[in-house]
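# Results of the structural survey
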There are 2 protein chains.
Amino acid sequence: MDLRLASLGHGNVGRAVARMLADKADELLRGYDVWFRYTGLYTRSAGPEIMPEGMAPAQVVAAGLPMGDRLTGGSRPVSDALTFIRTCPADVVLELTTLNPQSGQPAIEHVRAALDAGKHVVTANKGPIAYAYRELRALAERQGVALRFESTVMDGTPIFSMVEASLPATVISGFRGLLNSTSNYVLDRMAKGHSLEVAIAGAQRLGVAEADPSNDLDGWDAAVKATVLANVLMGADIRPGDVAREGLGADAMRQRHGALLPGQALKQVVDAVHTVTGGVQAHVRLEALPPDDPFAHLSGNETALLLHTDTMQDLTLIEGQGDPGQTAFGVVADLVNIARGRGRDVPRPYYAV
Amino acid sequence: MDLRLASLGHGNVGRAVARMLADKADELLRGYDVWFRYTGLYTRSAGPEIMPEGMAPAQVVAAGLPMGDRLTGGSRPVSDALTFIRTCPADVVLELTTLNPQSGQPAIEHVRAALDAGKHVVTANKGPIAYAYRELRALAERQGVALRFESTVMDGTPIFSMVEASLPATVISGFRGLLNSTSNYVLDRMAKGHSLEVAIAGAQRLGVAEADPSNDLDGWDAAVKATVLANVLMGADIRPGDVAREGLGADAMRQRHGALLPGQALKQVVDAVHTVTGGVQAHVRLEALPPDDPFAHLSGNETALLLHTDTMQDLTLIEGQGDPGQTAFGVVADLVNIARGRGRDVPRPYYAV
């Protein structure tokens, strides 16, 4: 099977996707009978580029950006991202642009346009799933195309595809996680004796934290992820603003760190439970974990998610290291599942209300 | 889709499977368009029983054993297990008999007969996968039927279906795990101040340990599981006797426990790595884990497996509680995947040699 890709965004994650598709081309063809061609790229720097005959992932890696006249078949500029999505001769649109955590836009528009045009979508951008999952899922079902989003939480850690493939007829009644890498890293450094400022600067040097880390330290990144998990796995219909963010931020981290008892570890913890009225309440907060809590001993590079289920009881996934390579792998895994005809299978929550 | 089941063994796990199929019948029909009928049961106590018209799982739960004249269509005795497997009008044979850890028999014969007869197989018995995986997998492929075995390691924790569904084109270069519940429980109790004898007696009272716990404490159970993981996930072709079991058993546990440094935790650890010659070497041994090892803090009820991969780096699964209910769930998940036509997808190891 030949899958033609149009990628929105070609930054760290987009380039890592092309590299992995190039590196794994033989295994993907041999094991899953699928090969990939890029027929379009849309980036802020180079604008829209359509390659009607397609470029192999290895060519895309070698070409760099902007591709200009190195494009197979030549560049054909289109007026804007939505026109690009509609006109690019692609089977799958990759939404790999940067998240706007306050609105999810313009990624929601991108995904809606792609599904409207009958194209499968793989998004690593959390915005569309956090802000418009029900609508976009219904649209994908009507159109008979796939909407997959493994990389929106814990990079490519198989959360959604595991639930879909391996936890049939299962009620997920709640979850608990350490989902924000920057907070994990900074709190781990503080536990090792660094000041908050030095820990943040270290995270920035490593590329874990952004120039303004408040999105992470204030719990907004974790709230967006909690929303995705609650809406997809627990049948909720909340928005990131509905997630209770309590006692977070740099000042709280400094104060709580100073008040820890021996053996305790301070972590930014996400959780969600069903309420007595049948809704879902999600929280992000700093918790002083006792030494017998396995989450207390996760290092600064690890993220974790514990699912409470009615079939497997408690089931935990831990990601050892997350970087653009792991995010890219989630996109590749989604693409393979689309090629296998599993695109339209999304988790079906059976929740006790 | 109507799937007819013939179950070999109807003990704790077999009864839990029937109960879960009964409890989840609505969700399975609604979500996966599948319903199940038992057309045969073979137990040591009641012998072979064939119900040509089938019994709903709820009827099987209600009937108890031996079913005798309560069977729909009446009991029709057959001479032995192999004849039962060949003649029972079933789509799937469930191999739920007790493991013989030294040989894997007679379960290997059961599975071979079922596949030869063109029937899908779900086995919770580790023997056939530990001792005859390559042969049985090739036979299943020739016959165009499924051979699934999720419950052979960590109960129904989605190891094999996760690798198959969520880790495409991934090289698993090694693993590390706490896989034996009895050892975990006993060592956890010893860490809390109990003597080895008291800890073993407690495990026996809870049904975690058998009357003779040596199979667990000597590392034989873990060696069988390591063999399954190495052969399925890493492309090895080893047998349980090839797994190096080092410094195990009750005496070693007592000695090593007495020599622990403060903060260390003693655990029975399984690991496997590729050797320089392209083979796989697996070990079971007692390890004094330092306090910053997340495995050091797992409680006596938890089991865990860390996979080293080339795509997701380190990925860990932790099962919070294991009992016949979780083992049964793995069987149910395998049955659902057979109903979805995923029966013939088995993990395809791409290993670097």
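Anyway, here's the lowdown on the structure attached to this text. What you are looking at is a predicted structure, and each value in this text was computed from that prediction instead of being measured.

## Observations concerning the relation of the copies chain A and chain B
- The operation relating chain A to chain B is a screw motion whose rotation component is 180 degrees, with 0.0 Å of axial translation and a residual RMSD of 0.0 Å. Such values leave the two copies arranged in the relation of a two-fold axis. For chain A, the smallest separation between a C-alpha atom and the rotation axis is recorded for Leu317 of chain A, amounting to 2.5 Å.
- In this assembly, 100% of the residues forming the interface of chain A have copies in chain B that are likewise at the interface, indicating an isologous arrangement.

## Topic: helix H9 (residues 196-205) of chain A
Residues and elements named next belong to chain A.
- Among all positions of H9, only Leu196, Ala199, Ile200, Gly202 and Ala203 are buried. Taken end-on, H9 shows its buried residues confined to a sector of 160 degrees, consistent with a single buried face.
- If you follow the buried residues of H9, they end up packed against helix H8 (181-191), helix H10 (214-217) and helix H12 (250-258).
- Positive backbone phi, approximately 80 degrees, marks Gly207, located one or two places after H9.

## Considering the interface of chain A and chain B
- On the chain B side, the residues contacting the 48 residues of chain A number 49 residues.
- Note on chain A versus chain B: buried area summed over both sides is about 4,100 Å², and carbon and sulfur give 58% of it.
- Put simply, chain A and chain B have six salt bridges between them.
- Close ionic contact of Lys24 of chain B with Asp310 of chain A constitutes a salt bridge, the shortest N to O distance being 2.4 Å.
- If you look at where chain A meets chain B, you find 23 residue pairs in polar contact (both at pLDDT 80 or more).
- The set of elements that each furnish at least two residues to the side of chain A that touches chain B consists of helix H2 (25-32), helix H7 (160-166), strand E12 (314-319) and helix H13 (324-339) of chain A.
- Partitioned by chemical class, the residues of the side of chain A that touches chain B number 20 nonpolar, 15 polar and 13 charged.

## Some words on unusual backbone geometry
- Omega for the peptide link from Gln105 of chain A to Pro106 of chain A comes to 0 degrees, which places this bond in the cis form.
- For Pro106 of chain A, the position within the fold is in the loop between strand E4 (92-95) and helix H5 (107-116).
- One non-glycine residue, Met154 of chain B, adopts positive backbone phi at about 55 degrees.
- Along the chain, Met154 of chain B turns up in the loop between strand E6 (147-148) and helix H7 (160-166).
- We note that Asp155 of chain B has phi near 50 degrees; this positive angle belongs to a residue other than glycine.
- Its place among the elements puts Asp155 of chain B in the loop between E6 and H7.
- A relative accessible area of 18% places Asp155 of chain B in the buried class.

Cut-offs and rules
Residues numbered from 1 in each chain as written. Chains lettered and ligands numbered in written order. Predicted model: local features only at pLDDT ≥ 70, side-chain atom pairs only at ≥ 80, totals over all residues. Heavy atoms only, no water. Least-squares fit on C-alpha atoms with pLDDT ≥ 70 in both. Contact = heavy atoms within 4.5 Å. Buried < 20%, exposed > 50% of the residue type's maximum accessible area, 1.4 Å probe, protein only. Helix = DSSP H or I, 4+ residues; strand = E, 2+ residues; numbered from the N terminus. Arc of directions from axis to C-beta. Buried area = accessible area lost by both parts, 1.4 Å probe. Salt bridge = Lys/Arg side-chain N within 4 Å of Asp/Glu carboxyl O. Polar contact = N/O pair within 3.5 Å; in protein donor to acceptor, adjacent residues only side chain to side chain. Nonpolar A, V, L, I, M, F, W, Y, C, P; charged D, E, K, R; others polar.

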